[in-house]
Amino acid sequence: QENVLANPVGTTLDRYIMRKQSEFPFATGELSQLLRDIALAGKIINREVNRAGLIDIAGAFGNQNIQGEQQQKLDVVANIRFIRALKNGGQACAILSEEEDDIIYTGNDQGKYVVAMDPLDGSSNIDVNVSIGTIFSIYRRVTPVGTQATREDFLQGGRKQVAAGYVLYGSSTMLVYTTGHGVAGFTYENSLGEFFLSHPEIRIPQDGATFSCNEGYWYQYPESIRAYLTTCKQRGYSGRYIGSLVADFHRNLFKGGIYLYPPTEKTPEGKLRLLYECYPLALLIEQAGGQAQSGHEAILDIEPVYFHQRCPIYVGSTDMVKEVLSLANAAHEAA
Ligand code: P6P
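Owing to the predicted nature of the structure, the values given are computational and were not obtained by experimental measurement.

Caption draft 1: Structural detail: the site of the ligand. In the vicinity of the ligand, the residues found are Asp-121, Gly-122, Asn-214, Tyr-217, Tyr-241, Gly-243, Ser-244, Leu-245, Tyr-259, Tyr-261, Lys-271 and Leu-272. Contact distances for the ligand include 2.7 Å between an oxygen atom and a side-chain N or O atom of Tyr-241. Measuring from an oxygen atom of the ligand, one finds a side-chain N or O atom of Tyr-259 at 2.7 Å. Here the ligand loses 82% of its free accessible area of 400 Å² to cover by the protein chains. A breakdown of the residues in the shell around the ligand according to their chemical character gives six nonpolar, four polar and two charged.

Given below as structure tokens:
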């Protein structure tokens, strides 16, 4: 209750960050500034996303790119914008992006943080006007300040994240993040260019009646997953699959539910990436009272080996994830 009073709905992101920082006497403000820089990147990408549909007819609106450059794909633009915002902000010494194979050095070797991100996940949905999202994960560097960041800074493991979150470009644009003390949601007011606190303490319902997966892979799924989905259908649960991870995750976070991306023949390790999709969403869901599992262990306990490694993911309401696991374990024991 006191948290809501201290952070009334409607307060701005900036004021919220400052208040939260004041709760930690040793906070130096660098993480706060990094969160502000990420929010700025989200605002810029939001503007690009909202204009995306007009690019092809831009000439008619007189805002044709003056260089007449070929309009870049939106996920490339989002990547550039995000990197530029973090470079200018100065707090991140290095970035790992879904869009680039190796570490991106910002030139800020004095920066204490590294950021792993998927600048625009679900970009195949942009052309059909479906909600898309930016996902980010923040670590405090383990290499000495002043030196160039290394792989070690990015491969610390999910439980070493100091913050994680996403921006959902949907019917409204929302920033949802955690610094390890609960999950807060902010809604963007375009006319003011501000994120306002709309959901001070997001908690996922313990159970749910919605499952999100691509049933096109039904015949490739492990038998235990088919058994679980059959049980969901026998109970009359809803199948909801937008095909955009952040949108599906966000709906389940608010309504209860489970998102599943099991191993398939095409992706035997699952499709989603550990460092900038599964880890950040796993931190968020645990902070909101839910669970995220790979089928063998909690996502946050997976030892990272390389930057773009994939993992299966079952994430959402605790009771639903537990049931999937119990069926998977039973199948494993029977095997
Ligand atoms: P499939 C989008 O490409 C994405 O990374 C997620 O946003 C989405 O949940 C998933 O992949 C969709 O994958 O194999 O069902 O098309």
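Caption draft 2: View of the pairing of strand S8 (residues 194-199). As paired strands, strand S7 (residues 183-189) and S8 are joined by five bridges and run antiparallel to one another. Paired with Gly-185 across the two strands is His-199, which belongs to S8. The antiparallel hairpin formed by S7 and S8 contains four residues in its connecting segment, where Gly-193 sits at a positive phi of about 65°.

Caption draft 3: Layout of the packing of aromatic side chains. Across all of its chains, the model carries seven aromatic pairs by this definition. Ring centres of Tyr-188 and Phe-195 lie 4.9 Å apart, and the angle between their planes is 45°; on these two criteria the pair is classed as tilted. Per residue, the accessibility class of Tyr-188 equals that of Phe-195, and both read buried. Taken together, a centroid distance of 6.1 Å and an interplanar angle of 55° make the contact between Tyr-217 and Tyr-261 tilted. A residue pair is termed long-range when its members are at least 10 positions apart, and Tyr-217 in the loop between strand S9 (210-212) and helix H7 (223-234) and Tyr-261 in strand S11 (residues 258-261) qualify at 44 residues. Just above the ring of Phe-307 sits the side chain of Arg-151; from NZ or CZ to the centre is 5.2 Å.

Conventions used here
Residues numbered from 1 in each chain as written. Predicted model: local features only at pLDDT ≥ 70, side-chain atom pairs only at ≥ 80, totals over all residues. Heavy atoms only, no water. Near = heavy atom within 4 Å. Polar contact = N/O pair within 3.5 Å; in protein donor to acceptor, adjacent residues only side chain to side chain. Areas by Shrake-Rupley, 256 points an atom, 1.4 Å probe, with all protein chains shown as cover. Nonpolar A, V, L, I, M, F, W, Y, C, P; charged D, E, K, R; others polar. Pairing = 2+ DSSP bridges. Helix = DSSP H or I, 4+ residues; strand = E, 2+ residues; numbered from the N terminus. Phe/Tyr/Trp six-rings, centres within 6.5 Å; stacked < 30°, edge-to-face > 60°. Buried < 20%, exposed > 50% of the residue type's maximum accessible area, 1.4 Å probe, protein only. Lys NZ or Arg CZ within 6 Å of the ring centre and 35° of its normal.

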